[in-house]
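Chain by chain, the residues:
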Amino acid sequence: MTFHEHKTPNGRVALQGKHPRRPKWSSLPLAGFLSAAPAPMPALPWPGLSPPYTVRTHVGGEFEEKSEDTMTMSMVDAKISGFKGDRNWVNYFVAAKGFMLVTGLPGDKYRLYLAGELEQYLKENEPKEAFQRGLDFFETGATIDHLDWSSTWPIRKIVGEFYRRGNVLLCGDATHVHSPAGGQGMNACMQDAFNLGWKLSLVIRGMANAEILDTYEAERKPIAEQVTEGADRMHQVLFNAKIGIEDRFRLTQDPQWHEEAIRRISGISHNYRGVDGIAGTAVTAEQHLQPGDRAPDIVLSKSAPQLRVYDLCRHCGFTLLIFPGDQAEPGIAAREIASTVTATFGTLVKCVAVHREPVSGFDVDHMAVDREGAAAKIYGLDNSSGLALIRPDLFLGFRGALTDNALLLDYLGKWLLPVAETPSVIAA
Ligand SMILES: Cc1cc2nc3c(=O)[nH]c(=O)nc-3n(C[C@H](O)[C@H](O)[C@H](O)COP(=O)(O)OP(=O)(O)OC[C@H]3O[C@@H](n4cnc5c(N)ncnc54)[C@H](O)[C@@H]3O)c2cc1C
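Just so you know, these numbers come straight off a predicted model, no measurement behind them.

About the cut-offs
- Residues numbered from 1 in each chain as written.
- Predicted model: local features only at pLDDT ≥ 70, side-chain atom pairs only at ≥ 80, totals over all residues.
- Heavy atoms only, no water.
- Helix = DSSP H or I, 4+ residues; strand = E, 2+ residues; numbered from the N terminus.
- Buried < 20%, exposed > 50% of the residue type's maximum accessible area, 1.4 Å probe, protein only.
- Contact = heavy atoms within 4.5 Å.
- Areas by Shrake-Rupley, 256 points an atom, 1.4 Å probe, with all protein chains shown as cover.
- Expected span 1.5 Å × (residues − 1).
- Bend = angle between axes of the 7 residues up to and from the residue.
- Salt bridge = Lys/Arg side-chain N within 4 Å of Asp/Glu carboxyl O.
- Pairing = 2+ DSSP bridges.
- Core = buried A, V, L, I, M, F, W, Y, C linked by side-chain atoms within 4.5 Å.
- Domains from an automatic or database assignment.
- Phe/Tyr/Trp six-rings, centres within 6.5 Å; stacked < 30°, edge-to-face > 60°.
- Lys NZ or Arg CZ within 6 Å of the ring centre and 35° of its normal.

J.: Please provide a residue-by-residue account of the overall build of the protein chain, values included.
T.: On a plain count of helices and strands, the protein chain comes out with twelve helices and 19 strands. Among the 428 residues that make up the protein chain, the fraction classed as buried is 47%. At a minimum sequence separation of 6, the contacts of the protein chain that also span at least 24 residues come to 65%. As displayed, the protein chain offers around 20100 Å² of accessible surface, 55% of which is attributable to carbon and sulfur atoms.

Okay, here's the thing in C-alpha cells:
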C-alpha cells in the first residue's frame with residue numbers, strides 16, 4: 001500500500017493511496033467482506049450499541065472492550081459514474097477529517113467506505129447524500145446513481161477472555177473483533193479453525209486427551225492480541241482524525257512501518273514459539289526457524305513429478321521428517337526411529353526419510369529424495385541430519401538430533417495417546 005501527499009485544488013491536504021487488486025477476487029484478503037451477504041442495517045451510526053454475543057453470553061463470558069472511544073464506519077455498494085480513480089485498484093482517500101475507500105466490484109458496481117468525522121454526514125443526510133458528500137469532499141469526480149444497500153457498524157477492539165468453556169469452543173470473531181483496517185480478521189479466524197480442527201478431531205476420535213483443547217487458547221489468544229493491536233495501529237493511520245494528518249503521513253513513510261505492516265497483515269509474523277512447552281526442543285537463534293514457527297514448504301524433488309514438503313503432509317496427522325545425513329547406514333538409522341514412533345503412535349505420525357538419495361526400507365510414499373540437501377538446511381539441522389516434526393496444521397512442532405528419540409516420543413505423548421498398531425510405514 002502506498003500513500004502520497006496530495007493537495008486538492010481547494011487547498012486541502014489529503015493522503016491518497018491505493019493498492020493493486022488482482023482480478024481473482026477469491027485470492028484477495030478482501031474476499032472476506034466482499035463475499036459477506038449484505039444485511040439491512042440502520043442507516044445512522046449506532047455507537048455504543050453492543051451486538052448480542054448470544055453464545056458467549058450463554059456460557060458466561062464477557063467481551064472485554066479495549067478501546068476507549070468507539071468509532072463507527074459505514075459501507076455501501078453503489079452504481080457511480082465519473083470516478084476519476086482506477087476501479088481496478090483499492091483507492092484510499094485520507095484527510096485530517098476522515099477516510100474514504102473506493103474500489104470496483106465485479107460488474108459495474110463500486111464499494112465505498114466512509115469513516116472518521118465524515119460519518120457526521122450520515123447524521124445529517126440519508127446514506128446516498130452522505131456518501132455523495134464524502135466523494136465530493138475528496139474531489140473524486142464521482143456521482144452516485146444508485147445505492148444498493150448501506151451498513152453502519154461500531155469499530156470495536158476486543159479479545160475474549162476465554163476460548164473454551166467445557167464443550168463450547170469459541171472461534172473467529174466470537175473471540176476477537178477489531179478494526180477492518182489491514183484486512184486481517186477473516187485470516188485470523190481461519191487460522192483459529194486450522195489450529196483447533198485437528199485437535200478436536202483427535203479428541204473426538206479418542207486419539208488424544210481433551211486437555212489438548214486447552215492449547216488452542218494458549219496458542220491463539222496471543223495471536224488475537226497481536227492482530228487486534230496491529231489492526232488498531234493501522235486504524236490510527238487510516239481513520240483516526242484525532243491524530244494530525246502530517247504525523248500519520250510521516251508514519252507511513254518509515255520503511256520499518258511498511259516491513260512490519262507486511263509481516264503483520266500477511267500473518268507471517270505469527271508463531272507459537274515457546275507456548276507453555278508445547279513448541280518442542282532444539283531452539284536456535286531467534287531469527288532462524290524454530291519449533292512453533294510455520295513449517296516452510298520447499299521443493300524437494302525438482303524433476304517431475306515435483307515433490308514438496310507440503311505434499312508429504314497431505315494426511316490427517318503429524319509428519320516426521322527423518323534426515324539420516326551422513327550416517328554410514330542411512331536406511332537403518334531412519335528405520336530405527338520410524339519403527340519406534342510407529343510402534344507407539346501408529347499411522348498418526350507419518351514417518352518420511354529425507355535423504356540425498358533413496359534409502360532402503362521406505363516405500364515411495366514415505367521417502368523424499370532431496371539431492372541438494374535444501375530441506376535439512378532450511379529446517380535448521382546441522383550436518384544435514386536430525387528430526388523435524390510437522391503438526392497437522394503445518395507448524396513445526398519439534399526439532400532435534402537423530403538421537404533425540406526419547407524427547408520426540410515425550411513430545412508426541414503430550415498430544416497423542418499411544419495406539420497398538422502394527423508399524424505400517426516400513427516396507428517389507
Ligand atoms: C468492512 C469489513 C471489512 C473486512 N475486510 C476483511 C479483509 O479484507 N480481510 C479479512 O481477512 N477480513 C476482513 N474482515 C473481517 C472478516 O469479515 C471477519 O473477521 C470474518 O468474517 C469473521 O468470520 P466468523 O466466521 O468468525 O464470523 P461471521 O462471518 O460473523 O460468521 C458468524 C455467523 O454466525 C451467525 N450467527 C450469529 N449468531 C448466531 C446465533 N445465535 N445462532 C446462529 N447463527 C448465528 C451469523 O449470522 C454469521 O453468519 C472485514 C470485516 C469488515 C466488517
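J.: Which residues make up helix α5 (residues 185-204), and what values go with them?
T.: An α-helix turns once every 3.6 residues. As a result, residues three or four positions apart point the same way. The first and last C-alpha atoms of α5 sit 28 Å apart over 20 residues, in line with the 28 Å expected at 1.5 Å per residue. At leucine 196, α5 shows its largest kink, close to 25 degrees. Burial in α5 covers these residues: Gly185, Ala188, Cys189, Asp192, Asn195, Leu196, Trp198, Lys199 and Leu202. Contacts made by the buried residues of α5 are with β11 (168-169), β12 (176-177), α6 (214-239), β15 (318-324) and α12 (405-415). Looking at the residues trailing α5, positive phi occurs at glycine 206, about 75 degrees.

J.: If you had to explain unusual backbone geometry to someone new, which residues and values would you point to?
T.: Of note, glutamate 139 is a non-glycine position whose phi angle comes to about 50 degrees, a positive value. In this fold, glutamate 139 is placed in the loop between α4 (127-137) and β8 (143-155). The exposure class assigned to glutamate 139 is partly exposed, which follows from its relative accessible area of 25%.

J.: Talk me through the pattern of salt bridges; I want residue IDs and the actual numbers.
T.: The full count for this structure, using the stated rule, is 18 salt bridges. A salt bridge links aspartate 77 to arginine 111; the nearest nitrogen and oxygen atoms lie 2.7 Å apart. In this pair, aspartate 77 sits in strand β4 (residues 71-81) while arginine 111 sits in strand β7 (residues 110-116), placing the two residues 34 residues apart along the sequence. For the pair aspartate 77 and arginine 111, one class covers both residues: buried. Through salt bridges with shared partners, a single network forms among Lys199, Glu219, Arg391 and Asp393.

J.: Summarise the pairing of strand β6 (residues 98-104); cite the residues concerned and give the values.
T.: Counting buried residues along β6, seven of its seven residues qualify, which places the element largely inside the surrounding structure. Taking every second residue as pointing to the same face, both faces of β6 are buried, with Gly98, Met100, Val102 and Gly104 on one and Phe99, Leu101 and Thr103 on the other. Relative to β6, strand β5 (residues 89-95) runs antiparallel, the two sharing five bridges. When the sheet's bridge partners are listed, tyrosine 92 is paired in β6 with leucine 101. Between β5 and β6, which pair antiparallel one after the other, the connecting turn spans two residues. Bridging between β6 and β7 involves seven bridges; their strand directions are antiparallel. Opposite threonine 103, over in β7, you have arginine 111 as the bridge partner. Two successive antiparallel strands, β6 and β7, enclose a turn made up of five residues, where glycine 107 displays a positive phi of approximately 85 degrees.

J.: Describe the nonpolar core, and please don't skip the residues or the numbers.
T.: Counting residues in each nonpolar core, the largest one holds 28 residues, and the members touching the most others are Leu320, Ile322, Val349, Leu389, Leu412 and Leu416. Looking at this core, the elements that each hand over two or more residues are α5, β15, α10 (330-345), β16 (349-355), β18 (385-390) and α12. Each of domain 1 (2-266) and domain 2 (299-415) accounts for three or more of the residues forming this core. Sequence-distant contacts of leucine 320, that is, excluding residues within four places in its chain, are made with Ile337, Val341, Val349, Lys350, Cys351, Val352, Leu387, Ala388, Leu389 and Leu408. One finds Val76, Ala78, Ile80 and Phe93 within the second-largest nonpolar core, a separate group that totals 22 residues.

J.: Explain the packing of aromatic side chains residue by residue, including any values.
T.: For the structure on display, the rule yields ten aromatic pairs. With a centroid separation of 6.2 Å and an interplanar angle of 55 degrees, the aromatic rings of tyrosine 92 and phenylalanine 99 are classed as tilted. A relative accessible area of 1% means that phenylalanine 99 is categorised as buried. One aromatic cluster in this structure is built from Phe83, Phe93, Tyr110, Phe137 and Phe138. Sitting above the plane of the tyrosine 110 ring, arginine 87 keeps its charged end 4.9 Å from the centroid. The positively charged end of arginine 165 is found above the aromatic ring belonging to phenylalanine 162, 3.9 Å away from the centroid.

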